[in-house]
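# Residue-level structure breakdown
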Amino acid sequence: MPRGRYSLHDPHDHTPLGEEHFHCAPGPSGWRYVSQITTPTGDHRGSVDLAVDELGRPIRLELHAASWQVRGAALDGVTWVRTDPTGTHATEGNVRAHAFTGTSPAFLVALTRLLRLTPDSPETRVRLVAFTDPVLAPLTVDQSWALLRSEAHATDNGPLTVDEYQVSTLDTGERHTVHIAGDVVLAAPGIELEALETPPSVFP
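Residues numbered from 1 in each chain as written. Predicted model: local features only at pLDDT ≥ 70, side-chain atom pairs only at ≥ 80, totals over all residues. Heavy atoms only, no water.

Within an unreviewed UniProt entry, the label attached to the protein chain reads Glycolipid-binding domain-containing protein, and the organism entered is Streptomyces tanashiensis.

This is the structure we're talking about:
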């Protein structure tokens, strides 16, 4: 079960946004990721609990941030309920999308499980519902993903395969790369892996 810590920062001006302390593990029915998010001063800022099935579909998502809460799952696309700080104005949403996304590295790993790209796969277009900070406002985004290369690197625990993805945001034309090993993000815009206690899990 990988356990570690990511640092989060603004991908444009590199302002520190805090840290995400996580643990994750594959199981008989898929993969689960749980994390607590702190501010740069160490205060609690939110949490992520994401479970995907063996095909990579989100079967349960629970996000907390700034007293807001989102619960969601794959249902007729993706469906969610967003609750305000008082709990009196819950709003439901549904979009014909493939999955959820947001600032957590969990979403990047989950999406690669869903897409299962190979280096010779064509660019694959996906529609996602992003929950944006700081109040988890939903936003539909279209992206294109391609696996550029998979390379094995020698480690003390045996070879570690690192996948390099190119991600394009279709409405802005912005492109960036994401490096993932197993179920751990090594680097992505706004995300740096700072500590890892156990090696990444290898998906079958």
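Approximately 960 Å³ is the volume attributed to the largest pocket. In terms of lining, the largest pocket is formed by 32 residues, of which the most central are Pro 11, His 12, Gly 102, Thr 103 and Pro 189. Elements supplying a minimum of two residues to the lining of the largest pocket: β1 (3-9), β10 (124-132), β11 (137-153), β12 (160-169) and β13 (175-181). With four residues, the single largest contributor to the lining of the largest pocket is β11. Along the lines of polarity and charge, the residues of the lining of the largest pocket split into 14 nonpolar, twelve polar and six charged. Estimates place the volume of the second largest pocket at around 330 Å³. (1 Å grid on protein atoms, 1.4 Å probe; cavity = no way out; pocket = protein on both sides within 12 Å on 5 of 7 lines; lining within 4 Å. Points joined across faces, edges and corners; volume = space filled by probe spheres on them. Helix = DSSP H or I, 4+ residues; strand = E, 2+ residues; numbered from the N terminus. Nonpolar A, V, L, I, M, F, W, Y, C, P; charged D, E, K, R; others polar.)

Considering all chains together, one arrives at two cavities of 30 Å³ or more under this definition. The calculated volume of the largest cavity comes to roughly 140 Å³. Ile 37, Val 48, Thr 103, Asp 133 and Leu 136 are the residues nearest the centre of the largest cavity, which is lined by 17 residues in total. Within the lining of the largest cavity, the residues separate by chemical class into eight nonpolar, seven polar and two charged. Residue lining of the second largest cavity: Leu 50, Val 52, Gly 56, Pro 58, Ala 99, Phe 100, Phe 107, Ala 110 and Leu 111, and that is the complete set. Secondary structure elements with two or more residues in the lining of the second largest cavity: β4 (44-53), β9 (99-101) and α1 (105-115). Here the element with the most residues in the lining of the second largest cavity is α1; it accounts for three residues. Within the lining of the second largest cavity, the residues separate by chemical class into eight nonpolar, one polar and no charged.

Inspection of the secondary structure assignment puts Thr 169 in strand β12. With relative accessibility at 17%, the residue Thr 169 sits in the buried group. In contact with Thr 169, not counting residues within four places along its chain, are Asp 142, Gln 143 and Glu 174. (Buried < 20%, exposed > 50% of the residue type's maximum accessible area, 1.4 Å probe, protein only. Contact = heavy atoms within 4.5 Å.)

Before going further, it helps to spend a moment on the environment of Thr 41. Here Thr 41 is to be found in the loop between β3 (30-38) and β4. Along the backbone, Thr 41 and Leu 17 are 24 residues apart, and their C-alpha atoms lie at a distance of 9.6 Å. Of the polar contacts made by the side chain of Thr 41, one reaches the side chain of Thr 39; its length is 3.0 Å. Looking at Thr 41, its side chain comes within polar contact range of the side chain of Asp 43, at 3.3 Å. (Polar contact = N/O pair within 3.5 Å; in protein donor to acceptor, adjacent residues only side chain to side chain.)

Further remarks concern the environment of Pro 28. With respect to the helices and strands, Pro 28 occurs in the loop between β2 (16-27) and β3. Between the C-alpha atom of Pro 28 and that of Leu 108, which follows or precedes it by 80 residues, the distance is 21 Å.

Attention shifts here to the pattern of salt bridges. This structure, assessed with the given rule, holds ten salt bridges. Of the charged contacts, one joins Asp 133 and Arg 45 as a salt bridge, the two residues approaching to 3.9 Å between their closest N and O atoms. Within this pair, whereas Asp 133 is found in the loop between β10 and β11, its partner Arg 45 is found in strand β4, the two being separated by 88 residues in sequence. For Asp 142, the salt bridge goes to Arg 125, with nearest N and O atoms at 4.0 Å. Placement of Asp 142 in strand β11 and of Arg 125 in strand β10 is noted, with a sequence separation of 17 residues between them. Among the charged side chains, a network of salt bridges with common partners joins Arg 32, Asp 49 and Arg 60. (Salt bridge = Lys/Arg side-chain N within 4 Å of Asp/Glu carboxyl O.)

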